[in-house]
Amino acid sequence: ALVNVSVVRDSREYPIYFIAQIQDISDRYAIEQMKNEFISIVSHELRTPLTAIHGSLGILESGIYHNNSEKFNHLISIALNNSDRLVRLVNDILDLERLESQKTELVKEACEVTDLIEQAVETVQPLADTAKIHLDWTPLAVSVWAAPDAIVQTLTNLLSNAIKFSPAGSTVSVKAEVIEAKDSNREKVRENTHTSLPYILFSTCDRGRGIPADKLETIFGRFQQVDVQDSRHKGGTGLGLAICKSIVQQHQGQIWVESLWGTGSTFYFTLPVQPPAE
Ligand code: ADP
């Protein structure tokens, strides 16, 4: 607690009374601690690729490998891959920081659900082709009240994760459906703030590795993974789901995952059909 005491005096400077102000700063303290923790993880995450880039460039500079030799090219590709990783990390960190500090307010408008899904599918199609994953999507000719770029980014993050964690030859699907609030019997959705209005329920479904029960909530946190190797092996940053969560929450929506370890995962999120009442 923070204690602040001040003295109130009369015209002859005699103390009349004291004012004691006691402020509970445990929230502020917790936020401060979270920030410090975030900074220490970020520094570690940035240092790893930087060390790899520095190391490879150092060996290249020493001249021990001939230009275009196998070793030489391998070191160049280490430096390039790690600088790509740095760019992705810095972009995700900035995105998340901007979203959380609400520096850029998401500008919402009525947008067609089909367009949002189509754009996200187009973005991840090359990834799906490379991984030999069939992408299946269903149009929905309804509009939703949302910031279109942010929702495309959310769908893109969920779909690229679904593709990354699925075996070749399997299908990843994305769809949206209109839910009348009164029909909602999903516990997660009932907690939602826009349940008195109809909303759109988006879902991405994969038949991949799945997520163990004890990780279903935590993976939406920053740098949280099912396996510590996931981000590095699969080229992720560990911030994708935290970004999705922040975007959905800024639409007064809800995001969650249902999954069985070994059989696949379905990520859900909701968006209001209409702007919320003032
Ligand atoms: P990353 O950049 O590591 O993918 P995310 O925040 O997007 O970061 O995801 C966090 C972690 O959640 C992943 O590293 C992975 O362990 C797990 N995960 C996310 N989506 C899936 C999925 N569809 N199937 C299995 N695991 C997943």
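Structure's up top.
All figures in this text were calculated on a predicted structure; none of them were measured in a lab.

### Description of the environment of D227
- Structurally, D227 is set in the loop between β7 (199-206) and α6 (230-234).
- D227 gets classed as partly exposed once you look at its relative accessible area, which sits at 34%.
- Considered as a pair, D227 and I211 are 16 residues apart in the sequence and their alpha carbons are 9.9 Å apart.

### Some remarks on the packing of aromatic side chains
- The full count for this structure, using the stated rule, is 4 aromatic pairs.
- Taking the centre distance of 6.0 Å and the plane angle of 70 degrees together, the rings of F220 and F267 count as edge-to-face. Here F220, found in the loop between β7 and α6, pairs with F267, found in strand β9 (residues 264-272); they are 47 residues apart in sequence, far enough to count as distant.
- For F220, a relative accessible area of 7% corresponds to the buried category.
- Exposure remark for F267: the relative accessible area of 6% places this residue in the buried category.
- Positioned over the ring face of F38 is R222, at 4.2 Å from the centre of the ring.

### Comments concerning the pairing of strand β2 (residues 15-23)
- As paired strands, strand β1 (residues 2-9) and β2 are joined by 8 bridges and run antiparallel to one another. Looking at β2, one finds that V3 is bridged to I22.
- Hairpin connection of β1 to β2: 5 residues between the antiparallel strands, including E13 at a positive phi of 70 degrees.

### Brief notes about a nonpolar patch on the surface
- There is a patch of nonpolar side chains on the surface, built from V3, V5, V7, F18 and I22 and spanning about 520 Å² of accessible area.
- For the nonpolar patch, the secondary-structure elements that each account for two or more residues are β1 and β2.
- When residues in the nonpolar patch are grouped by element, the largest group, 3 residues, is from β1.
- The exposure class assigned to I22 is exposed, which follows from its relative accessible area of 64%.

Reading the values: rules and limits
Residues numbered from 1 in each chain as written. Predicted model: local features only at pLDDT ≥ 70, side-chain atom pairs only at ≥ 80, totals over all residues. Heavy atoms only, no water. Helix = DSSP H or I, 4+ residues; strand = E, 2+ residues; numbered from the N terminus. Buried < 20%, exposed > 50% of the residue type's maximum accessible area, 1.4 Å probe, protein only. Phe/Tyr/Trp six-rings, centres within 6.5 Å; stacked < 30°, edge-to-face > 60°. Lys NZ or Arg CZ within 6 Å of the ring centre and 35° of its normal. Pairing = 2+ DSSP bridges. Patch = residues over 30% accessible without salt bridge, like charges linked within 9 Å, V, L, I, M, F, W, Y side chains within 5 Å. Areas by Shrake-Rupley, 256 points an atom, 1.4 Å probe, with all protein chains shown as cover. Salt bridge = Lys/Arg side-chain N within 4 Å of Asp/Glu carboxyl O.

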